[in-house]
Structure formats: structure tokens, C-alpha cells
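Chain and residue survey
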Amino acid sequence: MDMAFSAFLISLLFLSTTTPTFSLYEDQVGLMDWHQQYIGKVKDAVFHTHKTGRKRVVVSTEENVIASLDLRHGEIFWRHVLGANDAIDGIDIAMGKYVITLSSEGSILRAWNLPDGQMVWESFLQGPNYSESIFLVPTSLKIDKDNVIIVFGKGCLHAVSSIHGEILWKKDFAAESFEVQHVIQPLGSDILYVVGFVGSSQFNVYQVDAKNGELLKHESEAFSGGFSGKVSLVSTNTLVVLDSTGSTLITVNFHNGEISIQKTDISDLIGESLGSTMILPSKLTGIFALKTNTFMIFIRVTDEGKLEVVDKINHVTAVSDALSFSEGREAFAVVEHYNNDICLMVKLGPEWNNDLLKERIKLDQQRGLVQKVFINNYIRTDRSHGFRALIVMEDHSLLLLQQGEIVWSREDGLASVIDTTTSELPVAKEGVSVAKVEENLFEWLKGHILKIKGTLMLASPEEVVAIQAMRLKSSKKSKMTRDHNGFRKLLIVLTKSGKVFALHTGDGRIVWSILLNSLRKSETCENPTGLNLYQWQVPHHHAMDENPSVLVVGRCRSSSDAPGVLSFVDTYTGKELSSSSLVHSVVQVILLPFTDSTEQRLHLLIDAKQQAHLYPKTPEAVGIFQREFSNIYWYSVEADDGIIKGHVLKSNCIGEVSDEYCFETRDIWSIVFPLESEKIITTVTRKLNEVVHTQAKVIAEQDVMYKYTSKNILFVVTVAPKAIGGIGSATPEESWLVAYLIDTVTGRILHRVTHHGAHGPVRAVFSENWVVYHYFNLRAHRYEMSVIEIFDQSRADNKDVWKLVLGKHNLTSPVSSYSRPEVITKSQSYFFTHSVKTIAVTSTAKGITSKQLLIGTIGDQVLALDKRFLDPRRTVNPTQAEKEEGIIPLTDSLPIIPQSFVTHRLQVEGLRGIVTVPAKLESTTLVFVYGVDLFFTQLAPSRTYDSLTEDFSYALLLITIVALVVAIFITWILSEKKELRDKWR
């Protein structure tokens, strides 16, 4: 049998080469994760289409992004995401090679290299007062010629070198309380005209020498009617503005230092009363646009300063700035809406009736209205001038139009995700055709032959590519049906524009999108904003014919007392099922743990008057709610006032009209923090849907501790008032941080700990019976992470195994928040290298798998840190029993393992949130990271102990087993023959 045993060992060695590994190879990137890059809603755009170099458009966005986009395909050449407090005020291109940006309210001027986006120089502009920021890049700048860039910001006028960024001179206007509207430099002139208002009734003009900043002349003129709104500059010496009542147009001419003011009543000019009007701040020569609630009026300004109406259009939504496209000729674009189409018109300067271009383009209704348009010209093959238009839509998407077609589009609304939830995909339908089976069988055989060749390193380069393609295809990750592992889902995201997207977790593609009418600007809802997404209806076994749906909650203004809006969206089709404008506000949404017969979840909406409103408004929902009326508690946090309150329901609302779905509330407890010593900065609770596998925690020497897993615990962090600002705003003696664990049913403080010399901001996450929070230690000059674990001592008698076996325990006795809990806490603090933006924790279906912290770092990456590193029971020299339990020896800092970055080498720019969703497979959790970019991956904190990898070769395993059986049978026969020959000798 020696030969048989040898053959068995060889076969076993061959089989071991086919076992799956847990490393991530280069060809596996993108199989289970995806990364999408966006820029956000475009505020300003500058084209660069010279004959040499790539054609591109440089844009700035509301997400504080500067980006260079390929004009052919819309792809990103380069981009920079500035800080959250570094809003971009303007961009331009200087000297044909630098992108100039002004940001932070006119205090930071930067130059970026146009081809690759590298920063060339940066200048900090100081000033005493806040003011509107304006900067002027002369169009005559030549390459390598040191011209000046003029910047007005912080109440001062600066001249900055275009090559080195050096501040050449500075002129202070702060003492005059001067509100600058425009800085003008006529072509070929060295004189700057700085025009604006002092107060609301005096117009001022300053003439400044552009070479040295010397004040040459100052003129002012008072106007009793006052000024209001935006100013339209129609020439180098004429501007138009509305008076304080908005009913009169004021034409101001400041030629040769002399100011003249003319008044024109709008009703006399138009022949009718228009109501509310505003001037569009577009830069057109000799013409300006006056916008009303229903239409737009274009008015020409003559050389004598008189006003003439040239046209009145009902459906105009956007007007571009003037574009100089040939000697002395200017063009501008006007966009009109006609049902599902838009009409793009390019007009020649003040000659309104001369259309250089008129095109009609069909757009998706779900993009909304055009909000901004930027135009650029090019030379056609017949030497005539053509025009392309970059348009920004209501849903924040970006489109390039040329020759009546959409050249490319970008869904940049996804850069401003507000909230996200998930939805299951439909169940796969049974039944497959014979032809499909035959095709699948052929592909199966072909695929496994290629895999065998790849394993034996016999595959050609073309076959390696085919293997990778088949691996992607066989993963079935992009199918529109559920999988048994629960990896395929829909990510439902709500964006700042009021648009809802459904993204497939397999490849990140957009399955559907809808711009909600309830979150669009209207007469009844002035400035709608989306707040949150909630799962509304999640059909289960007995209601599979119903589609799941989500609830979108918003409000009509940013203030908390604004009326709320609700919208219900089908997650399979993307249709808006219904919507409603509420008469009450929405301050808080409470998800109740009850559903009706149609699987609709009950929600309680709390308004600014502290009244509770039940949804859905059905008799069945009221019946369910009334049965649990006395068991509903919630809390509210008034951070500015330092108050936390607990609430319960009292009775139905008392009003002129009875409403059985409205309930009065009352306060049952309150905690008031003294504002002179403590300021609330962070509050965190457990996820409502978190699953805890077991309450018992077995520790060293077979001892048992019981987790205090109440869902009614609130983690609160307060800091000293002087430590509210950034790091360094307070000394270690003036700064402290206090962490509280509070029972939200009774208001009882379960635990309190003070960190002296600690400073915010604080990022925290609460899971099971522990909370982890991150802050800055001023004394050590390092970041720290602390952990608090809370255990239930009332179950300490259940440590005897025989009591558990015989049932003599109190584990099934009811637990009430009103009975004073016997709890103990364990805590520990560790140094941590990185500043943190957000923290999340992995979640799995049964809660069995080990937990990992997902830490969004300041570098916009996500680090996975095993919870064992944050075990408060870590000691320097753990005992043998503690080592067997898995206790890691204590160190003063937490490790940063490069291989533990979930995002690999990628960055999720502008990272704001991390969402974890359990898969059906217990070992795996789904992770979605959003910011300006989006990232999705699958994570197995304890490795995939309950499944094989997708690329595991079952055919190779079967062949190996068959070969092993055959080898054993052959060697057995040979061994029998050998023994027979030996006996005959």
C-alpha cells in the first residue's frame, strides 16, 4: 500500500493548490467593490480650447471642487477637493497655463498648473471686514508676462503677481463701509474703476492706479430711492440696478468720473405691473435680463442711457455670460423650456433678432430645469463659427450640448448624498428554456477548461483576459434579482437636489432615478430641502406581490418650523406613488417597531409644537398604535440650550378639527447642562435594527459577564465652552470633555467620565454594549480613542453552568428601565494616529461575526480596525487564559495596518458617511461610503468562514476527487498483483 499512500499524498498536494486565499490580487480589484468619482453642482466654468493641448473645461462646484474635464467625453483630467470651509468664489484662466481660483470669502488666491492640476503658488489676502469677493484676471495676459490679478476681498483691494503670487500692493476700503459691486479695467487702460454702494442710498466710484494702487479720484452720488438686489454691468461705465421697492430700474453712468443717475419705472417700460422682479447678474454688453415669477424680459440700454424692451419670453430658465468669439463680436446663450425639450439660442450681442444658433434638444424629464448655461465657440470645417453649451440641470447633472445632441452627461448630483437606505431586489422567476440550458452548459465547459489551463499556467495572454472576463460575468453581481447570499441589493440614496437614485450594489450603475416634485421649488414650497430616507414598506413572505417602498421626508424651508413634505417611492420601478404637503412641521421622525397587515411600518412625526403625528393614516395603524400607546418613549436634544428631554404621549390633539392621528405629548424628564461649563457637541445611539447574537460574554477562566444591551441608551459628549472652536482655541487647563451614558426612558445617568485637557470634535459609534469615541488630547498633542463597555450585574448569579442547564436562572425575567439597573463599566483610552471624519461599525445578519470599526480618516480613506484592539480589558502582560480568550497585550497606541484600508489605495474625496448593511451570509457585511465620491465593497471581518470564494473551481475539485479515486483503485490492483507474485515465489 506504499504506492497508494504516495499517490494519495501527491493528489492531496495538488488539491491544496486549488484552495481559496484571502489576499486581494490586482485582477480581483473591482470584482467586489466599485468606486465612482464626481464633482458636484457646477457654479462656474471656463473653457480652454486652444489648438495646442487637450480641449478641456475647468469648473468649480458647490462641493468646493476644482476640476478639469475632458471636453470630448466629460472625464476628469484632474481635480482638487478643498476644505468644507474653503468655498470657491471664482475661477479663471491666466496666461494660458494657470487656473486661478479665489476662495474662503476672498482670502485665499491660488494658481494651479492647467495640464496636471499641480499648485503653482498660493497667496493669503488679509483684511479687517467681511465683504463680497471679486477678482479680475485681465484678458490680455500673455504667457510669461507678469501682469497683475486684481482681487477685492475682506474689505481690501489687492494686486497680485500672476507668476509668483506676490502681493504687489493693497488698498483698504474697510473704513468707508464700502460694498463693492464691480471692479472694472477697460481694455488697454491702467486705471481701475471700483464701483459700489455705501449703505443703501449712495453710489461711489473710485479710480485706482493699477500699477501702484494709488487713489486717483473718488466720486459719489446719493439716491433717495435706495438700491437693492443684484447689479448688472452693461458696459465699462454703465450699470443697472433696482431701487429699494423693486419697481424702478436705476441706470447709473460714471463716464469720465461724472456720475449720472436715471430712473425708469418698470410698469411704464413694460406696460403692466409685474409684482416681484429681480435682475439676473449676467455679464452681457448693452443688454440685461429682468426676471419675474412667470417670464423673463430682455432690455437694451442705449448709448444715451435709455431703456428699450427687446423681448419677453415665458419659459426662459438660464442666460449665459457674453462670449467674445471674433473681433468686436460677442454672443450669449438663452435657454427656453418647451415641455420635454429645451431650445438653445445663441444670439449676437445686443442685436437681439440675430440668432447665431437655434437648436431644440430632447432631455429627460427627471433632470428638471436648466439652471445655468456656459457657452464656447469653435471653428467648423467650412470656417464658420459653431457653438457648444455646457448646461447645469436642476438635479445637479452636467451636460454638454453640441450640434443639437447631448455629447456627454455626468450625474454629479450623486456628489451630494444626504441619506441612504437599502432595498431588496425582486425574487428570481423560475423556469429556464432548453436553449438557455444548452448555452449555459457549453459556457460552463468552456470556462472550466480555461480555468484548468490558467491553474496549470498554460493559458495564453488572450485566454487570461477571457478568464478575467468570464470571472466578472460568472460573478452574477449585476443581475437584477436577489441572490442567496444577499450581496445584490439596491442602494437608495437621496441627494441635495431632491433627486432619489437607486444604485445596484454589484457594479454601482444607476437602475432608476426620480426628481421628486414634492422637493422642487414652487409657490407653496419656497425652498424645499430633503431630510431623510426611511424604509416604508418591506414586503415579506405573505405579501411578495407588493413592491417595497421608501419614505422621503423633507421640509419647505431650512428652518425647523417650516411645513413638512412626504413622498413615497416604489423601489423597484422608481415611481412616486404619492406625495403630500403637510400642515405641520417635521422636527423628528421616530420609527416604531410595528407594521400593519400590508407590511407598512408605523412612523411618528414630531413637529415644532411637540405634537406627534402618526403615519400611515389608517384605522388599522391607529388600532396597533393605541395598543402600544403607553410603551412609546422618545427623547429630544436641544444642543444650543444644553437640554435633553424625555417625552411620552398624553392624548389626542385638541383643536377646531378633530384629528385621530395627532397626539399631544408631555415631558417626563429633562437634563440641563450648565452652559457656562458644558456644551453638547455629540449624541449617538445604537442602530434600531442591530442584532445582538448573545448577551453573555465568556471571559477568562470560564467566567461570564452579561452585556447591558438596552436600546434606550444615549451617549452624550459635552465640552468646555472655550473648546467649541478648533484645536488650539483653548489651553489644556481650559478644556475638558465629559462623556455620559443616559437611559432615555427614565433620564437616569448610568455612567459619567471626564477627560481633562481633551478637545473636540468628537466622533463616536455605539454598538451592542460598547461605545467608541475619538477626540484630541491637548496635553499629549495627539488624537485619542476611548472605549466604554457596560455590563449588567443583575444577572451575575447566572455564572454557574449547572444553573443554566437546570433552568434555574433569571435570564428570561423581564427587564424594565424603571428598575434601577445594576451596571458596571470598563473603559480604556489609546492614542490614534489619524484625525477622523466619521466612525461606523460592521453589522451582520445574526451578530455572530466579530465586529470591526470602520474609520473614515482625514485622508478620505476607510480603515478597518478590529474591535479587539479596543477591548478595555487589555493588559500589558495578559494571563494564559486571557491569551486563549484572544486578549491582545496592551500598547499605548492603536496599530495602523496598511492592508486594513478597506478603500485600498483609493480616496473617497469629501468623505461624509459610512453605511454598513448585513448580507444574508453571516460572515459578510456590505459597506457603502459616500462623499463627493462613492465607494462600495464587501467586507468579511472574520473572513469568509461560511462560504467558498466565487472563483473556486468546483470542476477542478471534482476532477481531483475522481483522479484520486482512480489512483487509489489502480494502486490497489497493482499492490494485489505484487503480493500475488511474492506468494508464488
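Here goes a summary of the coordinates provided. (Residues numbered from 1 in each chain as written. Predicted model: local features only at pLDDT ≥ 70, side-chain atom pairs only at ≥ 80, totals over all residues. Heavy atoms only, no water.)

**Description of the sheet that holds strand 14 (residues 178–184)**
Pairing within the open sheet is antiparallel, and its 4 strands lie in the order 14-15-16-17. If you trace the sheet from one side to the other, it starts and ends with strand 14 and strand 17 (215–222), each paired once. Within this sheet the neighbouring strands show an average axis-to-axis angle of 20°, counted without direction. Of the strand pairs in this sheet, strand 16 (residues 202–209) and strand 17 are connected by 7 bridges, and their pairing is antiparallel. (Pairing = 2+ DSSP bridges. Helix = DSSP H or I, 4+ residues; strand = E, 2+ residues; numbered from the N terminus. Axes fitted to C-alpha atoms, helices over the stretch in contact; angles between N-to-C directions.)

**Description of the pairing of strand 18 (residues 227–235)**
Along a regular strand, successive side chains alternate from one face of the sheet to the other. By the bridge criterion, 5 bridges tie strand 18 to strand 19 (residues 238–243) in an arrangement that is antiparallel. Counted as the bridge partner of Ser 228 is Leu 242 from strand 19. Counting the residues that bridge the hairpin from strand 18 to strand 19 gives 2 residues.

**Comments concerning unusual backbone geometry**
A cis amide bond links Tyr 615 with the next residue in sequence, Pro 616, at an omega value of 0°. Positionally, Pro 616 belongs in the loop between strand 45 (612–615) and helix 5 (619–627). Residue Pro 761 follows Gly 760 across a cis peptide bond; omega there is 0°. By the secondary structure assignment, Pro 761 is in strand 55 (residues 758–767). One non-glycine residue, Arg 383, lies in the positive phi region at around 70°. Looking at the element boundaries, Arg 383 is found in the loop between strand 31 (370–379) and strand 32 (385–393). One non-glycine residue, His 396, adopts positive backbone phi at about 75°. Mapped onto the fold, His 396 is located in the loop between strand 32 and strand 33 (398–402).

**Quick notes on helix 8 (residues 954–984)**
Given 3.6 residues to a turn, an α-helix orients residues that are three or four positions apart in the same direction. Over its 31 residues, helix 8 runs 45 Å from end to end, which matches the ideal 45 Å to within 8%, given 1.5 Å per residue. Those residues of helix 8 that sit buried are Ala 955, Leu 956, Thr 960, Leu 964, Thr 971 and Ser 975. (Expected span 1.5 Å × (residues − 1). Buried < 20%, exposed > 50% of the residue type's maximum accessible area, 1.4 Å probe, protein only.)

**Notes on the packing of aromatic side chains**
In the structure shown here, the tally under the stated rule is 22 aromatic pairs. Ring geometry for Phe 152 against Phe 173: centres 6.1 Å apart, planes inclined by 50°, an arrangement best described as tilted. Highlighted residues: Phe 152 in strand 11 (residues 148–153) and Phe 173 in the loop between strand 13 (167–172) and strand 14, separated in sequence by 21 residues. Accessibility assignment for this pair places Phe 152 and Phe 173 in one class, buried. With 5.5 Å between their ring centres and 80° between their planes, Phe 325 and Phe 387 make a pair best called edge-to-face. (Phe/Tyr/Trp six-rings, centres within 6.5 Å; stacked < 30°, edge-to-face > 60°.)

**Points about the nonpolar core**
Counting 35 residues, the largest nonpolar core has Val 59, Leu 390 and Leu 934 as its most contacted members. Core analysis: the second largest hydrophobic core is formed by 22 residues, Ala 331, Val 335, Ile 391 and Met 393 among them. (Core = buried A, V, L, I, M, F, W, Y, C linked by side-chain atoms within 4.5 Å.)

**Some remarks on the sheet that holds strand 13**
Through backbone hydrogen bonds, the strands of a sheet pair up, either in parallel or in antiparallel fashion. Reading across from one edge, 10-11-12-13 is the order of the 4 strands in this open sheet, with antiparallel pairing throughout. Every interior strand has two partners, whereas the edge strands, strand 10 (134–136) and strand 13, have only one. Taking the axes of each pair of neighbouring strands and ignoring which way they run, one obtains an average angle of 15° across the sheet. Of the pairings in the sheet, the one linking strand 12 (residues 156–161) to strand 13 comprises 5 bridges and is antiparallel in character.

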